[in-house]
Every structure is written in C-alpha cells, then in structure tokens.
Amino acid sequence: MAGLIQRMWRNRHTYRAEDAAADADTVAVAGWLGGLMGSEPWRAVGVSQNFASRSLVFERPDGAGGDLPPRIFVKRFAEDDRGPDRRMARELHALAVCGALAAPPVVATPRVFGGDAELGCVALAHVHGPSLFNVLWNGRGRRGPVPPLAAVGAWLAALHATAPAAGGPGAEIADGAAALAEDRRVVARKLAFLAERRPRDFGAGRAARIEREWERLAAPLAARPVVPIHGDFTAANRIVRDDGGVAVIDLAAFTHGHPLNDVARLCAELLLIERAMPDHPGPACRAFLEGYAAAGGEEWLAEGGLSTGLHAHLVKHLLINCTMMVAHVGSRNFLNPLHCMLLYRAYRGMLRAIVPG
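Residues numbered from 1 in each chain as written. Predicted model: local features only at pLDDT ≥ 70, side-chain atom pairs only at ≥ 80, totals over all residues. Heavy atoms only, no water.

Draft legend 1. Representation of the overall build of the protein chain in the model. When helices and strands are tallied, the protein chain shows 12 helices and 13 strands. Classification of the 357 residues of the protein chain by burial places 50% in the buried group. Sequence separation of at least 24 residues holds for 72% of the intrachain contacts in the protein chain that already meet a minimum separation of 6. Element-wise, carbon and sulfur atoms account for 54% of the exposed surface of the protein chain, whose accessible area totals about 15,800 Å². Where the 40 positive side-chain charges of the protein chain centre and where its 36 negative ones centre are 8 Å apart. (Helix = DSSP H or I, 4+ residues; strand = E, 2+ residues; numbered from the N terminus. Buried < 20%, exposed > 50% of the residue type's maximum accessible area, 1.4 Å probe, protein only. Contact = heavy atoms within 4.5 Å. Areas by Shrake-Rupley, 256 points an atom, 1.4 Å probe, with all protein chains shown as cover. Lys, Arg positive; Asp, Glu negative; His and termini not counted. Charge placed at Lys NZ, Arg CZ, Asp CG, Glu CD.)

Below, the structure written as structure tokens:
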C-alpha cells in the first residue's frame, strides 16, 4: 500500500500556468494584489480549485525589490463564503488569533498581507513544501528528518488556551452542552448516510449501536468548557516548510468547541499512517499527544493507548472520514476510487476497534 499511494492528498484541480495567467478572474486578482503590495500586477504561476475555494500563487513583478516576498499565495473564497460569519471571516479572524499565539516558532500560520471582502481574497506568504500527511506517509519505514509533531501539539495547546472571543466566529457555541448538540447532529447525519450507502457495514442495527456508544462516550463532555478550535486540524492542512518547520493553513472552519475535536482529527490520520489502532498508537501519534500535554493541554494517553475520553471525538471523525471516502469517490478533485476504498476500509477498522460488533 505504501508503494501504491504517493502524494495522497491532492484534493484540487490544477490549471496550466499560462492558462491561469490569462484568465480574467486571475487578472483581476493580480491587479488587486499589485495595489495591495504597491507594485505592478503580479504574475500568476499556479491556480487550483478545490471544493471550497480557489488557490492562486503569484510571483512578484520583474525588477521589483525592497521588502516584497518572491511569491504570495492568494485564497479566493466563493461568494457564498464572504459574509460576516462565513468562511472568509472565520479565516481572517483565526489568522489574527493564531498570529499572536505564544507557541514554538517552528510551527506558525503564514504571514497575512491583507484581504478584500468584495473580491473574497486573502493574501498570505507563500509556503513551499509538501503536506505533513505526505511527508509522514511517504517516509514510513525510512530514516530521515521527522516533522516536529511535539511542536505541532504544543501549538495546538496554545490555541486551545486562548480565551474565546465574544461575538467572534463560533460564539454561538457558548458551552459544552451546545458543542455536544452540534456534534450529535454531525454523528447522526454521517450514520444515516453510511447506513444507506454502506448497509453491509452500517445496517442491521450497527449504526444504532455506534450512536448509543457515542452518546455514552460523549456524555461527560457536556460539562466541559469550549475553546477556540481550528476546526479542520488534519495532516493535509499542515505544510512542512523547507526549513523543517510546519505551517498551519486552512483555518476557514475556525470555531468554538471541545479541544478534542482538533486532537482527534489529527490522531485519526496519524493512526492511519502508522497502521495503528487506538489501543496501541505509534510514535508519531504519541509525540503529538505528548507535545500537547507538555504545553499545558490535557493528557490523552493512558496505559499505552488513547484515553477513552478521546474516543468520542475519534468515533465522530472516523465517521466523517468514512463518509468522505464514500461520498466523493470518483471526484476529480478528490482521491481516485482505489484510494477511497483503501482509506475507507482502514477507518472502518479503527471504528470497529472502538465499537465492536
């Protein structure tokens, strides 16, 4: 399987640079960027499209110097995502919060140059490098530099230690009971979808058993306070920079919730990469959780495995991942059908380890 899957997460349709540069939409963004940076229009060298936004990479104009960076990344949101509490506003708010974190500098969000609500654009420092997922996946069994997963955990603990902003994105989730109600809706939707599309795995009462077990595991979380969370803390949303550090990207799902939402999101992928199960996580997962705990976050390792307190959100994210593999199979902006089948089986196996039967 390791040799079969290289560069697992692409998740986007990429256009040729010459076609992208001539596109009227790209020309408009280039002109805006030139005005923002006080220079001639920048030249598009890469444009790609994923499910939620368009990503553009620009090179600075010939002859421009001074403090201008060589490349800038522009994220352009769809019109429906440009409102006061939509994805663009969440990303800008999150970038401001994360830019002020007292966290290890080896992990950081990219520098922000500016944004334009009318165009739906956010301009950031371009980060060159592969995703953390691809680095870990392709590096399994090889000797070489290991990404600083403990520092990733420390960064996340610093985010979770910040006070929720009154009136900011996610402020409607005011306490653990509200967060649990939202999680309950997500779990119910995913189980209903999987019971219909994969009855062999989730039919005949299996979905109901998973839901009952999730309720049991999640019930104590209603009394827990909520904190700012990334909202999509996947290994695909971490870029391993050329200097070995890690850039945290894609914060458009930023909200308030239980910190385990973020912790479990990454743990599910680390277990997958290491071919591990919740009762015996591998060194990457352990390094992440130990870094999180050492920086002041709660301890989620117990007796050699993942604490049962983590299982409720792990179940939720395993259901989300299984749903993604079923719902998007064959999409040109996602993984190919073979990848989807293999990942679905792996996540289904982890789910069965937590909820047998």
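Draft legend 2. Just the environment of A208, in detail. On the secondary structure map, A208 appears in helix α8 (residues 206–218). Residue A208 is classed as partly exposed on the basis of its relative accessible area of 34%. Expressed as a C-alpha distance, the spacing of A208 and A192, which sit 16 residues apart in the sequence, is 9.5 Å.

Draft legend 3. Examining the packing of helix α9 (residues 260–273) against helix α11 (residues 308–327) more closely. At a minimum axis separation of 8 Å, α9 and α11 run at an interaxial angle of 60°. When the axes of α9 and α11 are compared, the pair comes out oblique. Like other packed secondary-structure pairs, α9 and α11 cross with a definite hand, here right-handed. Packed against α9, whose contacting residues are L260, N261, V263, A264, R265, C267, A268 and L271, the element α11 presents G309, L310, H313, L314, K316, H317, L318, N321 and M324 at the interface. Along the lines of polarity and charge, the residues of the contact of α9 with α11 split into 10 nonpolar, five polar and two charged. (Axes fitted to C-alpha atoms, helices over the stretch in contact; angles between N-to-C directions. Parallel < 35°, antiparallel > 145°, perpendicular 65-115°, else oblique. Left-handed = near helix turned anticlockwise from the far one by under 90°. Nonpolar A, V, L, I, M, F, W, Y, C, P; charged D, E, K, R; others polar.)

Draft legend 4. Up close: the packing of aromatic side chains. Counted by the stated rule, this structure contains three aromatic pairs. Geometrically, the ring pair formed by W155 and F233 is stacked, given 6.1 Å between the ring centres and 10° between the ring planes. Note that W155 is positioned in helix α5 (residues 149–160) and F233 in the loop between β8 (227–229) and β9 (238–240), a separation of 78 residues in sequence. Taking the relative accessible area as the measure of exposure, W155 reaches 1% and is therefore buried. Three or more aromatic residues joined by ring pairs make a cluster, and in this case those are W155, F233 and F288. Here the guanidinium or amino end of R198 rests over the ring plane of Y344, the centre of that ring lying 5.6 Å away. (Phe/Tyr/Trp six-rings, centres within 6.5 Å; stacked < 30°, edge-to-face > 60°. Lys NZ or Arg CZ within 6 Å of the ring centre and 35° of its normal.)

Draft legend 5. Quick look at the pairing of strand β3 (residues 53–59). Most of β3 is tucked away: six of the seven residues are buried. The pairing of strand β2 (residues 43–49) with β3 spans six bridges and is antiparallel. Pairing of S48 across the sheet is with S55, part of β3. In this structure, β3 lies alongside strand β4 (residues 71–77), joined through seven bridges in antiparallel fashion. (Pairing = 2+ DSSP bridges.)

Draft legend 6. Broad picture of the nonpolar core. Core analysis: the largest hydrophobic core is formed by 79 residues, its most contacted members being W155, V263, F288, L289, V315 and L319. If one sorts the elements of this core by residue count, α9 sits on top with 10 residues. If we skip the residues at most four places from it in the chain, L289 touches V263, C267, W300, L301 and L306. Counting residues in hydrophobic clusters, the runner-up holds 17 residues, among them F58, I72, F113 and C121. (Core = buried A, V, L, I, M, F, W, Y, C linked by side-chain atoms within 4.5 Å.)

Draft legend 7. Here's a closer look at the side chain of E91. Topologically, E91 is positioned in helix α3 (residues 87–99). Overall, E91 belongs to the buried group, its relative accessible area being 2%. A distance of 3.2 Å separates a polar side-chain atom of E91 from the backbone nitrogen of A252. For E91, the contacting residues outside a window of four places in its chain are K75, F77, D250, L251 and A252. (Polar contact = N/O pair within 3.5 Å; in protein donor to acceptor, adjacent residues only side chain to side chain.)

Draft legend 8. Seen up close, the packing of helix α6 (residues 176–197) against α11. Viewed as axis vectors pointing N to C, α6 and α11 meet at an angle of 40°, and their least axial separation amounts to 9 Å. With respect to α11, the element α6 is oriented oblique. The two elements α6 and α11 meet at a crossing, and its hand is left-handed. Within the contact between the two elements, α6 uses D183, V186, V187, K190, L191, F193, L194 and R197 and α11 uses H313, K316, L319, I320, C322, T323, V326 and A327. In the contact of α6 with α11, the residues fall into 10 nonpolar, two polar and four charged.

Draft legend 9. How the structure looks around unusual backbone geometry. The backbone of R275 sits at a positive phi, close to 50°, despite the residue not being glycine. One can find R275 in the loop between α9 and α10 (283–294). When its relative accessible area of 60% is taken as the criterion, R275 is described as exposed. Not every positive phi belongs to a glycine, and E303 is a case in point at roughly 55°. Structurally, E303 can be placed in the loop between β12 (301–302) and β13 (305–306).

Draft legend 10. Highlighting α11. Here α11 spans 29 Å end to end across 20 residues, near enough to the 28 Å set by a 1.5 Å rise per residue. L314 marks the point of greatest bend in α11, at about 25°. (Expected span 1.5 Å × (residues − 1). Bend = angle between axes of the 7 residues up to and from the residue.)

Draft legend 11. Up close: the pattern of salt bridges. Tallied over the entire structure, the rule returns 18 salt bridges. The partner of R185 in a salt bridge is E182, and the shortest N-O contact between them spans 2.7 Å. Of this pair, R185 and E182 both sit in helix α6, three residues apart, roughly one helical turn. Salt bridges linked by common partners bring D25, R54 and R76 together as one network. (Salt bridge = Lys/Arg side-chain N within 4 Å of Asp/Glu carboxyl O.)

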